[in-house]
Amino acid sequence: MTRVAAGCLAAMTLVAAIAAAPRSGGVETFDAAWTLVRDSHFDKSMNGVDWQAVRAELRPRAAAASSDAELRGIIQEMLGRLGLSHFALIPATADVANPNGDLSADPGLDVRLVEGSLLVTGVRDGVADVRPGWRLVKVGATDVAATIHPDAAGRPGDRSHGTSDDNPRLAAVEAWRVAQSLLRGPSGSTVNVVFEDGAGQRQPRTLDRRPEQGQPVTVGSLPTMFVRVESGRRRTPGGATAGVIAFNVWMPAVDARFQQAIDEFRGADAIVIDLRGNPGGLAAMIMGLSGHFVAERLTLGIMKTRESELRFVANPRLVDARGARVAPFAGPLAIVVDGMSGSASECFAGGMQSIGRARVFGQPSMGQALPALFDRLPNGDVLIHAYGDFVTADGHRLEGRGVTPDEVQPLRRDELLAGRDLPLEAAFAWIDREKGGIAPPPR
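Residues numbered from 1 in each chain as written. Predicted model: local features only at pLDDT ≥ 70, side-chain atom pairs only at ≥ 80, totals over all residues. Heavy atoms only, no water.

Would you mind showing me how to read the overall build of the chain here?
Counting its regular elements, the chain contains 11 helices and 23 strands. Residues counted as buried form 53% of the 443 residues belonging to the chain. Contacts in the chain between residues far apart in sequence, at least 24 positions, make up 71% of those at least 6 positions apart. Element-wise, carbon and sulfur atoms account for 50% of the exposed surface of the chain, whose accessible area totals about 18,200 Å². (Helix = DSSP H or I, 4+ residues; strand = E, 2+ residues; numbered from the N terminus. Buried < 20%, exposed > 50% of the residue type's maximum accessible area, 1.4 Å probe, protein only. Contact = heavy atoms within 4.5 Å. Areas by Shrake-Rupley, 256 points an atom, 1.4 Å probe, with all protein chains shown as cover.)

Structural data, given as structure tokens:
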């Protein structure tokens, strides 16, 4: 059995497949999943669910399952009875044949569900003639609106944590997942996409799929991830300098690059950490990264398992990358999150917010903040199952609630079309207020 502990990577792994393995009997796989959850769940009452009764009800169906897809549906139904995040499966083989097969490359678009539509929210370097705010209309022959808003009988939903009907956050995550499954494909291939621009005109494009950029990292049974850290110095409207640091996943490869950025920005007036689109990773990393901004060993939150509690304590970073003595950065710290910021990102943002060290901007986060284990099942699938709960220093449980920004800035299509980044603008305006600069009020 392969086991690894991590934060929320379920959103990422929903569009990735791991290496195939021989399939075992349905009952053996079902029993293994049921037992792993029973023995490791942080709540001995199983969140009020009669776990024995669930087994008695669903096990005969697992025994009769005639395909991997049917068996996975039964196990997902079992996990969904708990009503919590971080209970899911990563299939060893695809349930439905994807025409692309290989989903390792993408066309360089960030998309989000905004006002009921999938909109382009970011365009990476090298992607020509596509603009933020454009609506995805078709990908290949697939009508995007019909796919993310089918009739009730076929409506997609994350069965590991309620349904998308029950929770707007889950609807946003599910829409993102659907978009990824449509847009991604083999490196070097192309994808035909039809957009609708701000004037309501159709804009067909043929986009190249390019391999993931960044440092490849493999942890346990998880698919390979590509770590990216970006940083830059920005000038606020009031004339302050702000170092902006963004990274896409919480993995150890982030640490050295983050340290370099902090060293570069020690003389800046403020620092902004952009965690939008970062679904989590290794939650223990928040103790080290928070130490760049905290001079004392303060508790950010508590992870509660069945048998114990683990305090996530900020560890002050008192030397720079060259080993010279330094003090943690003491200036204003802003953190930007959105609906795709999950788990470790939520624990960090919520923890720093709870001790009063950071001000948070953007949209409410994913609300999927349970630390999880990843175990391979007899049929080769990997079971994601939560083994702990997380509560911030001021007593807020993040599961199902997420981090509520101090300044909420909903995504708006008109602002995306205008090329504005309201959450970042709001963070800069706050920095100006903190530093006594002159800046126009946010709109």
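Having put the structure on the table, let's press on.
How should the sheet that holds strand S19 (residues 359-362) be read in this particular structure?
Sheets are built from strands paired through backbone hydrogen bonds, the pairs being either parallel or antiparallel. Taken together, the six strands give an open sheet; going across it, the order is S13-S14-S15-S18-S19-S23, and neighbouring strands pair in mixed fashion. Strand pairing shows two members of the sheet lacking a second neighbour, strand S13 (229-235) and strand S23 (407-408), which therefore form its edges. Looking at chain direction, strand S14 (residues 241-247) and strand S15 (residues 270-274) are connected through five bridges and run parallel. Residue pairing in the sheet places Gly 243 in a bridge with Ile 271 of S15. (Pairing = 2+ DSSP bridges.)

For this particular structure, what's the right way to read the environment of Ser 231?
In this structure, Ser 231 sits in strand S13. A relative accessible area of 42% places Ser 231 in the partly exposed class. The spacing of Ser 231 and Gly 243 is 12 residues in sequence and 7.1 Å in space, taken between C-alpha atoms. Filtering out sequence-adjacent residues up to four positions away, Ser 231 remains in contact with Val 244, Ile 245, Ala 261, Glu 264 and Phe 265.

Explain the sheet that holds strand S16 (residues 299-304) here, please?
The three strands lie next to each other as S17-S16-S22, forming an open sheet whose pairing is antiparallel. The open sheet terminates on both sides in strands that have one partner only, identified here as strand S17 (309-313) and strand S22 (389-392). Strand-to-strand twist in this sheet, taken as the mean axis angle between neighbours without regard to direction, amounts to 25°. With four bridges connecting them, S16 and S22 associate as antiparallel partners. (Axes fitted to C-alpha atoms, helices over the stretch in contact; angles between N-to-C directions.)

It is not clear to me how the side chain of Asp 274 should be interpreted in this structure. Could you clarify?
Topologically, Asp 274 is positioned in strand S15. According to the relative accessible area criterion, Asp 274 is buried, its value standing at 13%. Within the structure, Asp 274 has its side chain in polar contact with the side chain of Arg 276 (distance 2.8 Å). What Asp 274 contacts, discounting residues up to four positions off in sequence, is Ile 245, Ala 246, Phe 247 and Val 336. (Polar contact = N/O pair within 3.5 Å; in protein donor to acceptor, adjacent residues only side chain to side chain.)

Which parts of the structure should I look at to understand the pairing of strand S20 (residues 372-376)?
The side chains of a regular strand alternate between both faces of the sheet. Counting buried positions over the five residues of S20 gives four, a clear majority of the element. Where S20 lies against strand S21 (residues 382-386), five bridges are found, and the strand directions are antiparallel. Bridging across to S21, Ala 372 finds its partner in Ala 386. Connecting S20 to the next strand, S21, in antiparallel fashion are five residues, including Gly 380 with a positive phi near 100°.

How do you make sense of the side chain of Gln 409 when you look at a structure like this?
Relative to the elements of secondary structure, Gln 409 occurs in the loop between S23 and helix H10 (413-417). A relative accessible area of 12% places Gln 409 in the buried class. Non-local contacts of Gln 409, meaning those with residues more than four positions away in its chain, are made with Gly 362, Gln 363, Leu 422, Pro 423 and Ala 426.

In this structure, what is going on with the environment of Asp 102? I would like to understand it.
One can find Asp 102 in the loop between strand S2 (88-90) and strand S3 (105-106). Note on Asp 102: relative accessible area 36%, which makes it partly exposed. Distance in space between the C-alpha atoms of Asp 102 and Gly 185 is 5.4 Å, their sequence separation being 83 residues. In this view, Asp 102 contacts Gly 185, Pro 186 and Ser 187; residues no more than four positions away in its chain are not counted.

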